[in-house]
Structure formats: C-alpha cells, structure tokens
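Understanding the architecture of this molecule
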Amino acid sequence: MKREFIGRSVPRLEDLPLLTGHGRFARAVSFPGELHMRIVRSPYAHGRLLGIDATRARAAPGCVAVWTSADVAEVPPIEFRPTRVKGLEPYRQHVLAHDLVRYVGEPVAAVFAEDAYRAEDAAERVELHIDPLAPVLDAEASDIEPTLIRKEYGDVEGAFARADTVVELELSIGRHSGVPLETRAAIARHDAARDLLELHCATKRPHANRDVIARMLKRDPASVQLHEGHIGGGFGVRGELYPEDLLACVATLRLGRPVKWIEDRRENLMACNHSREQRHRVRAAIDASGGILAIDDEFFHDQGAYVRTHGARVPDLTAGMLPGPYRVPAYRARGRFRLTNKTPAATYRAPGRYEATFVCERLLDAIAHKVGIDRIEVRRRNLIAKSEMPYKRPMEVLEVETVLDSGDYTGLLDKTLATVGWPALQAELRARRARGEAVGAGIALFVEKSGLGPLDAARTRVDQDGSVEVITGAASLGQGVETVLAQICADALGVDYRNVRVVHGHTDRIARGFGSHASRTTVMTGEATRLAAEKLRAAVLDAAEGLLDLPAEILDIVDGRIVRTDVRAAPLLALGELARGRELSEEAEFRSEHMTYPYGAHVAVVKLDRDTGAVRIERYFVAYDIGCAINPMLVEGQIVGGVAQGIGGALYEEFLYDERGEPLSTTFADYLIPTANEIPPVQVLVTEDAPSPLNGLGVKGAGEAGVNAVGAAIASAIDDALGRPGAVTQLPVTPTRLKELLRK
Amino acid sequence: MQLKLRVDGAERTLEAEPRHTLADVLPTHAGCEHGVCGACTVIVDNEPVRACLMFAIQARGKEIRTVASLAACSTAGEALHPLQRAFNEHHALQCGYCTPGFLMLALPLLDRIKKMTDEELREALSANLCRCTGYQNIVKAVRAAAEAMR
C-alpha cells in the first residue's frame, strides 16, 4: 500500500462547521412541538423518600406532566456491560429513585413543560418529603462491597518471605472526572407512523445503547435509532446510558411529542459520572539491588451510590494495569469496589490507569530511595526487555488475557532522557535549589492499552461522482475520527482523503458498531476501514479490467483515477465513471482477541511557591510509542489535551463533599478546570519503534497517553523540589496540601 | 415580548422574556451558564462578552457580533477568516464546542497582539476554558492569525 496520506499531519476534515458556528450540538437539535424535561434531584445524600407532592408543579404554567418512580415502574434499572463479575445487579440505578435516595443529585422526579424555563419553574414547585439518613462518604468505612476484584499470579507470600526489603505505601487519588465543556443532553422523538424511536446526542457507543434501550423498553432493536450530531467532548463520561436518556425515550413514547433535555452545569457536576477516587495500600518485595520480586496491593474504590454501565471495569483496569512496563514476577491485587453516598462513578480517560500509574511509579521512586539508587536506574533494572516481547502477563484485563504485544521500553526511556537532556537538567535544578529555589523534575513511565475488541466493521463505496463513503459504527467525540479514517481509506484505495466522507454514529446506516472508547477507533475501525478499502480497490480494478480489456496487474488507482503502470499514459477512467455502471461497495470486518499496548514516558519540571502553595509547571515532556501515527498532528493534539486533563487531576480538580454528603464542587468556580495559564507548553516525541503485530498498519491508540502518567510525574517532581522522596501521597496536590507538606 | 437586536449587521426580531439571557436567544454554546467558561462569548460593541451573563434586553441598541459573521459565505463555499484558517491549520480545536467562544475572544486581540508577550497572550486567552486541546495550539493559532493579517 502506498502511503500518501498515512503518516502526514493533514488538516482535519471536521473543522469547517465547527469554525463557522454550524456545529450541530444538542442545543441546535430541535424538533417541532418538543417538550422540555427538567429533573428534580435529591437534595440529600442519603434518605428515605417518604413522598412527593407534585400538585403545585402540575398546576404551573406550561407544565404538561410530572413523573415520579410510580410512573415509570415498568422500566427496569439500567443495565451494565456484560461481565463475568457476579453480584452487581442489585446495585443498578433506577431511572427515578423510589424508596431511598442515595446521593445528592439523584433523579427523583421528571417534569415536562412547554419550554426549558417553564420546566424549571415547575420543577421548583415539586415538594419532596425525605427523611434524612446518615451518609457513608468513605469507601473504607462502607459495608457495601458489591464485588472484590482479585488478580493474582506467582508466589506472592514466598517473595515477601525471601525479600531483602519491603517497601510499603499508602496512596490516594482524588475524585475527579471528564467534565466535557458541553453538558449531557438527550433529545428523543417517536415517529408513530413508522414506530421508530430516535434518541439524539448520546454519543460514544450508539449500537450498544440502541440494544440496551430496546431491551429495557421491550422494543425491537430495529425500531430504535441513535443519532449523533456534534458532541462537546466525551472523555469517558459522555454517551453512557443515564437515567435521563431513558426518561426522555419513555416520555416521547408516552406523551406523543419530542422531548428535549439539556443538563445544566450544576447538574453535570453532581449527576454525570465521577471517577478516579481510590485509596491504595501497596507493598513491594525487593531484592538488594532494587529488583522487584512481588507487588501486593489492596485498594478501596469509591464507586458512589450505584453501579453504572461500566460495572466494575475501572477497578479491574487498575488492578490489571498496575504493573505497568515492569517485570513483576509475583503479583496480587485486591480491589474493594465499595458503594458510598456520592455521585456514581465510571470511566474517565485512562480509567484505572491514571490511578495505577500513580501508585506504581510512587512505588518505584520509593524503591529507589530505599535501596539508595537513582530513580532512572531503578526503572532500568525492572523494565521488561525488548527481547521478552510479546510478553504475556498471567492475568486478564477486562476479561481479555494480557499480552504486551510489542515494545522497547528501555529504548524509549533513553530517547526521553536524551531529548529532555536529563543530566544537564539535573545539574541545572541542583544549582537552582542551591540558590534557594524549590524546583524539581519527575519522571514516570507507563503502559497504555488500546484497540479493545471484539470486532469492528466498515463499508466503503464509490459514488457516481467519484467520491467515496466510509460507513462505520464508530462515534466522534472530537478526536478527528473522520480525518484519520479518511486518510486510511484514501491510501488503501488510491484517492484523495478530502474525497472521502466518513459516516459514524448513526445506527440506521450500519447494522453493527462498537463506538469510540478505550482508544479503540483508529485501531479497530481503522483496520476494518483499511480491509474494506482494499477489497473495494480489488473490486474497482476487477471492474476496470473487464471494461478496459486490460489485465488488472498493470492497472493502479491514483488520485481517484485508473492508470496504467506499464506505460506512461493519461489516466484511463475516473472512479465515478466506473461507478455509474455498477455498484462499487465492499464491507469488511476486523476481529481482534487481544488489546494492543502502547507505552510512554512523562517528564515534569515544577517550581513550588513556598508562600502560596502553588505548583508552577515549568516544562512538560511526553514520549509515546504509537506503532504507527496515522496523523502525527492529531496524535500530538490528543497527548497535549490529555496532559492538560492530567494536570487538572494532579493539582486542581476535585469533587469535595461536606460531612452531610453535600457536594461542594458544583460550579466552575469550585471545580477548577485548568486554563491556558496553568498549562505549560508541552513537548511531545511520538515514536514508531514498536508497531503492533495485531493489525496491518501496526497502529496503537493515541487517546489516553497524555493523561495517564501526569499524576505520577508531577508527584515525583514535587518530591524532588521538596528534597523529600515519597512526600506526595495524595492527589490532587492543592495549595493547601502543598502548604502542609512544606510545614512538615 | 418582542425584542429587536442588531446581530451580525442585521436587525433581528426575537421573541424573548425579560429573564432570557443573550445566550438563550442567540445560537451560542452554553458551557456553564455562570460566566466562567466563556463558551458563549460574543462581541458586543467591540468587546468580548459572556452571553450567559447579559440579559438579552440589555443588548438592545448594541452591535452584536457572533462567529457566523467571520467567514464570507458564497455559493462556492465559505471563505474563512484568517483566524478560522489558523485554527484549522494549527489544530486548535478538537470537539469544537469552545471554538466560537475562543474565536470571539481572540478577534479583538488580533490588533494588539504584536505587542503582547506569550505570557500576556496566555493570560488573555485564559478567560475561556477548553477541555480538549491543552491550549497550546490555540495560542499558536491566534499568534499565526495575527501574523497572517499583517
């Protein structure tokens, strides 16, 4: 395959409507006669719901209906993804609370009115009678543990018995989340003439959501269609099925009018999935030279009030990915998946791994300190060697066996140190510290996972004007899906990427699809697209052979035209001409039983302000091996954006609660998303040293590399600036917490 | 009540209640509805304004400029403003939700950007939030647009 577009930083195809104000975000999706939904939410973290009086609300101007749990008694609690984990079912969330309320923000009633203001007015007249109960706000204190995630291999007890030294840490990661700039939305309508239920704006896994909605509402899946417009960011939280999505669907069916719901920011911060909050007690058995013999981790995962669509996947990922790029001969993790009276939790970009990398890299720093060797040296001694690839780790992640497919971890570490000039940087920082500055550098290594199976499909077809359509089951959350898939199709077929139109997020265009999540799209949908485009190329050449009476072997497709390769001649035929006489359309699917594992390194240089407790990041560097970068500019964009989110979680963002379980972070004045002032210029090195053997292009995913190791790298840098290895044990390192560290 | 506003050089008659904000009546993006994120930024009498913090009625008699005024439309397509072109070329947007707000925030800066240090430019752009890009390409694009317009 020629590579004309793959590997080039070509401009995105999706930008034009977004730049000109034509993006179809939820606010712009409207249907005639629509009703507006407003959710009444529990003001108590825990309480018995004694009754709801909606009389005054129903009489409010423009109010059409008010529903409580009795009105949706036939709707079952919301399903989670199929899993072998047992015991989660009793903890699923109903679309409206019926006997107990379990977090502030839990939906208890739904109001439908003629416009959004009237719906809100009416909602304020709904009277809730709730008898408050004591809330549980700490996972360790909770006695509700729906499941215990266990992963174990090797002789852990034996390793600790014969270890020269044991290093033990207690570490915690704060509660924070994706918080996309566009809040959630659901717009449902029912076409009674064709009995079609449409749901707009729940982007991420359209086909899976279609199937769940169909099952929950007892409809034929073909009578449910999901459509995505533009989406203001996903990051794991957007596009899962939430109570509001189901309520909008039920309401349009029952009230006979389209129903529109748009979340406000306060709701978003207390009702959309939270993530990350974990406390770890981890210990490592090591030999005299700092070699890891075993790691044993027990952690408490604060799931919040209910099990949502991800089930127990986040603690599963933490437990499964914690050993990172290191050779860990014996390993045991026990993840205590506990319920509390907080907003339910699920995935946020690099779910489980932001946490795991923080823990693993804190552990490596602690080992170095204990043994008295350099932070770099301890990593070198424990990294899995290139010669050991593919490296099988005898445990499963997401119920898939772990085989690190390719990698040269030491090679990337060397490139990192060379690019940042690590020895010179150390000397410079020593000199600055000697002058009294609190400056330091941190490094963190990580392994990501991407390309989650089981399969993906794509259909490519040539239209009569020569344009090419690629129909996929992917979703676009702003990553550049259309551009990347167009680049792949363009090279596989022999056309310009600008002539390729990529369809995604519409369940009526393709029967199957697995959406966009888990850094899977470029790997899975990309490979399906390549296979379909190659089949289409063969079909085109076959058709040209018949039409031109020339053997296919001497024909090629260049820039959308059939040319001869044996002699210099003008193009013979355009693809559009060929498509006029016959259907040129091919479909392919790509199956993969294993994930593919990209890897990288983060380096942070920080300066601490002893007076204010602020952490100023002076420099940030990410090296990342992606196997094959389809569009390096977009890969860098993913990484830099991820770093910004990681910095948020490391220094600023935290969902806090008071002792009654009242959320304290319900505005952007309290929940602090970093601005341009807090994010330093980020230097990125994208390498392609270890292509994945699992797909034709060698691609690995790009989406989660930037965020993965930020907490770990910044913690290490702060330690260095303080001159106290192991000082940081908790994220985020807010000014208050840094001041405490400075006082110690 | 009926409200007449001047939007992008044309008079528009809108149906609005006194409590409606400018963000309610214009096709802007709402990100927080309390004036922090800047996704709804429009230009009112040459200054960037958070449309969610201004009542629609307060904009009466003022010149409102939205992102829709930036590109010159024709049947051949849209001729993008240098700022829009720079955002595309420098990959300064991903999901695009903050983009109209950032374009409106940056537009009045273009004249004086030459005298601004990078730190001052970052400070000025820190008025708005972006959750996707990490800002560095936005800073680059705004600088590049000012260069292109010289």
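Residues numbered from 1 in each chain as written. Chains lettered and ligands numbered in written order. Predicted model: local features only at pLDDT ≥ 70, side-chain atom pairs only at ≥ 80, totals over all residues.

1. Topic: the overall build of chain B
Looking only at helices and strands, chain B features 5 helices and 7 strands. The C-alpha radius of gyration of chain B comes to 15 Å, within 12% of the 15 Å expected for a compact globule of 150 residues. Taken along the three principal axes of its C-alpha coordinates, chain B extends 45 × 35 × 30 Å. Within the span of chain B, comprising 150 residues, buried residues form 51% of the whole. Across chain B, every contact between residues at least 6 apart in sequence was considered, and the portion connecting residues at least 24 apart equals 58%. (Helix = DSSP H or I, 4+ residues; strand = E, 2+ residues; numbered from the N terminus. Rg over C-alpha atoms; globule rule 2.2 N^0.38 Å. Buried ≥ 20, exposed ≤ 12 C-beta atoms within 10 Å, placed from the backbone. Contact = placed C-beta atoms within 7 Å.)

2. Points about the domain arrangement of chain B
All names here are of chain B. Domains assigned within chain B are domain 1 (2–68) and domain 2 (80–148). For domain 1 versus domain 2, the distance between C-alpha centres works out to 21 Å. Each side of the interface is counted separately: domain 1 has 14 residues, and domain 2 has 12 residues. The class makeup of the residues in the side of domain 1 that touches domain 2 is 7 nonpolar, 6 polar and 1 charged. (Domains from an automatic or database assignment. Nonpolar A, V, L, I, M, F, W, Y, C, P; charged D, E, K, R; others polar.)

3. Brief notes about the nonpolar core
Across soluble globular proteins, nonpolar side chains have a tendency to be buried as a group. A:M37, A:A109, A:V111, A:C489 and A:V606 are the most contacted members of the largest nonpolar core, which totals 287 residues. Discounting residues that sit within four places of it in the chain, A:V111 has contacts with A:M37, A:R38, A:V40, A:A57, A:C63, A:V66, A:A119, A:A122, A:A123 and A:V126. (Core = buried A, V, L, I, M, F, W, Y, C linked by C-beta atoms within 7 Å.)

4. As for the interface of chain A and chain B
Across the boundary between the two partners, chain A contributes 42 residues, which contact 43 residues of chain B. Those elements that place two or more of their residues in the side of chain A that touches chain B are α1 (15–19) and α16 (632–652) of chain A. The biggest single contributor to the side of chain A that touches chain B is α16(A), with 7 residues. Grouping the amino acids of the side of chain A that touches chain B by side-chain chemistry returns 23 nonpolar, 13 polar and 6 charged.

5. Concerning the packing of helix α4 (residues 118–125) of chain B against helix α5 (residues 136–148) of chain B
Residue and element names in this part refer to chain B. With their axes 11 Å apart at the nearest point, α4 and α5 run at an angle of 110° to one another. The angle between the axes of α4 and α5 places the two elements in the roughly perpendicular class. In the crossing of α4 with α5, the sense of the turn from one axis to the other is right-handed. Residues L121, R122 and L125 of α4 form the contact with α5, whose participating residues are I138, V139, V142 and R143. A per-class count over the contact of α4 with α5 returns 5 nonpolar, no polar and 2 charged. (Axes fitted to C-alpha atoms, helices over the stretch in contact; angles between N-to-C directions. Parallel < 35°, antiparallel > 145°, perpendicular 65-115°, else oblique. Left-handed = near helix turned anticlockwise from the far one by under 90°.)

6. Digging into the sheet that holds strand β6 (residues 127–132) of chain A
All names here are of chain A. Strand order in this open sheet of 3 strands is β4-β2-β6, and the pairing throughout is antiparallel. Of all strands in the sheet, those bounded by a partner on one side alone are β4 (100–101) and β6. The pairing of strand β2 (residues 47–53) with β4 spans 2 bridges and is antiparallel. Note on β4: the bridge partner recorded for G47 is V101. (Pairing = 2+ DSSP bridges.)

7. Observations regarding the domain arrangement of chain A
Much of the literature gives interface size as the accessible area that the parts lose upon coming together. Residues and elements named next belong to chain A. Annotation of chain A at the domain level lists domain 1 (15–22 + 452–591), domain 2 (31–134 + 183–271) and domain 3 (278–451 + 595–743). When each unit is reduced to the centre of its C-alpha atoms, the spacing between domain 1 and domain 2 is 38 Å. Listed by partner, the interface residues are 16 residues for domain 1 and 18 residues for domain 2. Partitioned by chemical class, the residues of the side of domain 1 that touches domain 2 number 4 nonpolar, 10 polar and 2 charged.

8. Topic: the sheet that holds strand β8 (residues 165–173) of chain A
Residue and element names in this part refer to chain A. A sheet is described by the order of its strands in space; here 5 strands give the open sequence β7-β15-β14-β13-β8, paired in mixed fashion. Each edge of the open sheet is held by one strand with a lone partner, namely β7 (147–153) and β8. Each neighbouring strand pair of the sheet contributes to a mean axis angle of 10°, computed without reference to strand direction. Inspection of the sheet shows strand β14 (residues 292–302) paired to strand β15 (residues 330–338) by 9 bridges, in the parallel sense. Paired with I295 across the bridge in β15 is Y331. Along the sheet, helix α9 (residues 353–371) contacts β8, β13 (278–286) and β14; its crossing angle with β8, the most-contacted strand, is approximately 145°.

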